Amino acid sequence: MKIFKILILFFVGIIFYACDKDDEQTPEDLFYANALTSVKMEDIAGNWAMSTVEYNGEISIIQPSRPECGSDFTSITSDGKYREYIYSDSYNCTANVITSSWKLNNGILTIIDANGKSDEIVIIKATDNTLIFKIKMDVSASLQDQIFSFTAHSYTPAEDKDLYSDTFEQNTNEEHIEQIEFNWQTYVGVNGFERYEIYRSTTLSKNNATLIKTIDDIKTNSFIDLDPPIQDKLYYYFKIYNENGLLGESELQKVFTGSLHVREIFLKQPTVVNQQVELEWEESQSPYFSNYTVLVYGDNPDAQPIKSEGNTQILKKIYEKETLNFTDEFSYIKNPVYIVYVEDIFGNTSIEYENLDLRQQVDFEREGLIDLYNIEQFTHDPKAPYIYLNGLGEKNGTGYNIIKYNYETKKVVAKKTGLRLYSGIEMKLINSDQGNELFVNHNGNLHIYDADNLNLLHENGESGYEITTYSDFEYIDNGIYLFVNKTHLISYRRDSEGFSMIDSKPHFDRILSTNAYHLIPTSTNNLLLGHKEINYSLNIEIDDQGLIDITGQTAISIQSQWKTRTLYEPATDELFNLDTGDIFLVNQTQLVTTNSAPEYFLGWGKNATELYAANHDDISTNYENFNKQLIVIKRRNQYQYDTYPTLGYPMATFNDYKGKLIIISSYFKREELDSYTSCRANFFIEPNVSL
C-alpha cells in the first residue's frame, strides 16, 4: 500500500506536529469498529482517487503528485487485482504501477503484495461515488500504529498518452541478431490494457500488411517472427490498444533479412574408419534453419578466405535439423580440413562468422591420392599399368617430384624428390635398345632416368649428353632420335657412349616462341613439325640412317602451346588439336570437324571413335561452369554426347595398355593439370567410370 505511505508521510506529518499531542496507543477494537460488514465486491470495484485524510480529528486535503496528469488513484478489479497508480513524471505522465491482490471479508479488505505481505483496510462507507475506509500505520516511530481515515471518490483517469509506438524497433544486439525480434515499452497507462498487435508486410506499405500476432499479456515487450516469408526485405509495425480503443500505431520498420547472423556450430574431431571419415556436430539453434552444409577444405586450417572456390568442396547439404552426422567416402585430399556450417532460409551462413577453432583437420590420405600439388607433365607406359608424373611436391615449394604410380594397385612404385627443375617440355617414356627410360627436360637440359626405379642414368654435361635448349624430340627407331630447337631439326644416334649428331636442317624461316615447336609422328619415319604461330606444318622424313628431309608443307596448324595437346591416331590418319577442337585428315589435308563445345577437350578413345571432354571455362570468368563429369562425344552418332559423373574434375585422359580409359582428376577446381592452386595434394585416378 505504497500510495498510503506516500500520502500520509507527505500530508499528515504536519498534523502530528501541529496537534502537539502525545502518540496514543490505539486499541485493536478501535481500528475494526464500524466496519461495513455488508459491503460486497461490486460496491468497491472501480477506480478511486483519495481526496482527504483524517487523523485525530484533523483533516488534510490530498493534492495530486503530478497535477498535470490528474490524481494518483487505486484500481480495484473483480479479477482480484489491486493496483496503485502513482504518476512519476509530468511530461509523459508515466505512472508507477504497484500490483497486489485482494480479498474481502466482513468489511475488511486484505491487500497481499507480491512478497506475500498483507495489510488491512477497514471499509466504513461505500456508495457509487464515495469510499471511506481506515488504515493503520506507524508513521511517528512510536512503535505503535496510528489509525487514519481516508475519503476517496470514484475517478476516471485522464486519457493515456502514446508512449509506446515510437519504442517499437528491431533488436539488433549481438545475442538477438540471428532472428527477427522486436521490442517495445510495455503499457504503463492508467486505463485498462487490451492488447498489442504485430503486423507484417512484404512491401513498403501497410495496405497489404497481415496481422501476425495478438498479445494480451501486458508484461510482454518482445516478439520473434518464427515463420517469416523468404524475402530480402520485410516490414513490420505495431499497434497498442487500451480499454478506450486504439492508443498508438508505429511506423513501418524495415528488416534486411540478409543481415541476420547465423551462429556457428561445433564440429567434433572426425574419426577415420576403413578409409572413411566420420563427422559429427552439434545441433543448430537457428530459428530459420534451412540446412547444414558439410564442407571439405584443402588449405591450412587457419587460412583465409574460407569460401574460396578453388580450395573448398561442398560434400553434402543436409536439410533435416536433427541429422548430425555425415560420412565422407570419396574426398581425395591430403590431410583434409572439415567444416560444417548452417545456412538459414534467407541464405545467410554461419561460415562468415566462423571461429577458426571449429575447423577440424584429419591426418589422413585416402588410398589412391597422388601426392603432388600440380602436375607439370605426365606420360604412361603403353604396356603396363604405370603412369609417370612430374609436379611440385609441396605447397609453395620449388622442389619437383617425379612419381611412378601403379593405377591398378593405387601404389607409388618409385619416387624421385627435391628436383630443381621446371620445363613446359613433355617428359617421354622411351623403350629402346638402351632399356626402358624416362627422358625429362631439366630447365632446358636433357636428363635420363631408369623407368623402373627412377634412378638418374645420364644428365646434361656428361660426355655424350650435351643436348640443351630443345623444344621437342621423338625416338625414331634403331637408336635414332630427332630433336627440334628454335632454328633447326637435329638427328642423333645414341649408343653406349651417348648421343652423336647425324644431321641438321633449318626449319621455319623465322624464330618463334621457343617451347611451342612440336613433332607429331605419323608413321615410323614420318613426322609433322608445327608451331601454333604458323598456319601450316612441315612434312619431315628421316631415313634409317638418320638423314633429315623436309619434303613439303601441309596446311594443318599444330595448335599446342608448351604442352603437347595435339594427338594423332594412325588408324584413321587424323590429327586432333585439343585446344581448338579441330580434327584434320592428315594425308588429305582436310578439316574433318570443328568442335566448339564443350570448352576443354581431354583426348579421344581407341581408333578415335569417341572424344573426351570436360567443362573447363576460364576460372576467372565462369567458375560455376566446372562440373564433376566426363563428356563423351560419339563421332559415329553425329557428335551427340553423353555425360558421366565423376568424383573429381577430369583434367586428362589416356587409353591404357588394355585399351581402358584412364582419367586423371583434380578433387578441386583448376584450369589445367599444371595450374597451381592453394590446395593440398588432391589428384587421383578416377575409379569405376563405366562408359
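Residues numbered from 1 in each chain as written. Predicted model: local features only at pLDDT ≥ 70, side-chain atom pairs only at ≥ 80, totals over all residues. Heavy atoms only, no water.

Points about the nonpolar core
At step 1: In terms of nonpolar packing, the biggest core is built from 25 residues, with L279, W281, Y292, V294, Y338 and Y667 touching the most fellow members.
At step 2: Taken together, the elements giving at least two residues each to this core come down to β19 (276-280), β20 (289-297), β21 (312-318) and β23 (337-344).
At step 3: With sequence-adjacent residues up to four places away left out, L279 is seen in contact with L267, P270, V294, L324, N325, F326 and Y338.
At step 4: With 22 residues, the next largest nonpolar core counts Y164, F223, F238 and Y288 among its residues. (Core = buried A, V, L, I, M, F, W, Y, C linked by side-chain atoms within 4.5 Å. Buried < 20%, exposed > 50% of the residue type's maximum accessible area, 1.4 Å probe, protein only. Helix = DSSP H or I, 4+ residues; strand = E, 2+ residues; numbered from the N terminus. Contact = heavy atoms within 4.5 Å.)

With respect to a negative patch on the surface
At step 1: On the surface, a cluster of negative charge is contributed by D477, E541, D543, D544 and D549.
At step 2: By the secondary structure assignment, D543 is in the loop between β40 (537-542) and β41 (548-554).
At step 3: In this structure D543 comes out as partly exposed when scored by relative accessible area, which is 31%. (Patch = residues over 30% accessible without salt bridge, like charges linked within 9 Å, V, L, I, M, F, W, Y side chains within 5 Å. Areas by Shrake-Rupley, 256 points an atom, 1.4 Å probe, with all protein chains shown as cover. Salt bridge = Lys/Arg side-chain N within 4 Å of Asp/Glu carboxyl O. Lys, Arg positive; Asp, Glu negative; His and termini not counted. Charge placed at Lys NZ, Arg CZ, Asp CG, Glu CD.)

Thoughts on the state of the cysteines
At step 1: On inspection of all chains with the given rule, the structure shows one disulfide.
At step 2: Across a sulfur-sulfur distance of 2.1 Å, C69 and C93 are joined as a disulfide pair. Between C69 and C93 the sulfur-sulfur dihedral comes to about -85°; the bridge is accordingly left-handed. Here C69 is found in the loop between β2 (58-61) and β3 (73-76), whereas its partner C93 is found in the loop between β4 (81-87) and β5 (95-105), with 24 residues between them in sequence. (Disulfide = S-S within 2.5 Å.)

Considering the sheet that holds strand β52 (residues 683-685)
At step 1: Pairing in this open sheet of four strands is antiparallel, and the strands run β25-β52-β51-β50 from one edge to the other. Every interior strand has two partners, whereas the edge strands, β25 (369-370) and β50 (649-655), have only one.
At step 2: Inspection of the sheet shows β25 paired to β52 by two bridges, in the antiparallel sense. Note on β52: the bridge partner recorded for I370 is F683. (Pairing = 2+ DSSP bridges.)

Topic: the pairing of strand β44 (residues 582-585)
At step 1: Alternating residues of β44 divide into D582 and F584 and I583 and L585, and every residue in both groups is buried.
At step 2: Here strand β43 (residues 574-577) pairs with β44 via four bridges, running antiparallel. Residue F576 lies in a different strand from β44, and its bridge partner there is I583.
At step 3: Counting the residues between successive antiparallel strands, the hairpin from β43 to β44 contains four residues, one of them, G581, with a positive phi of roughly 85°.
At step 4: Hairpin connection from β44 to strand β45 (residues 590-594): four residues lie between these consecutive antiparallel strands, with T589 at a positive phi of about 50°.

On their own, these measurements won't tell you what the molecule is for.
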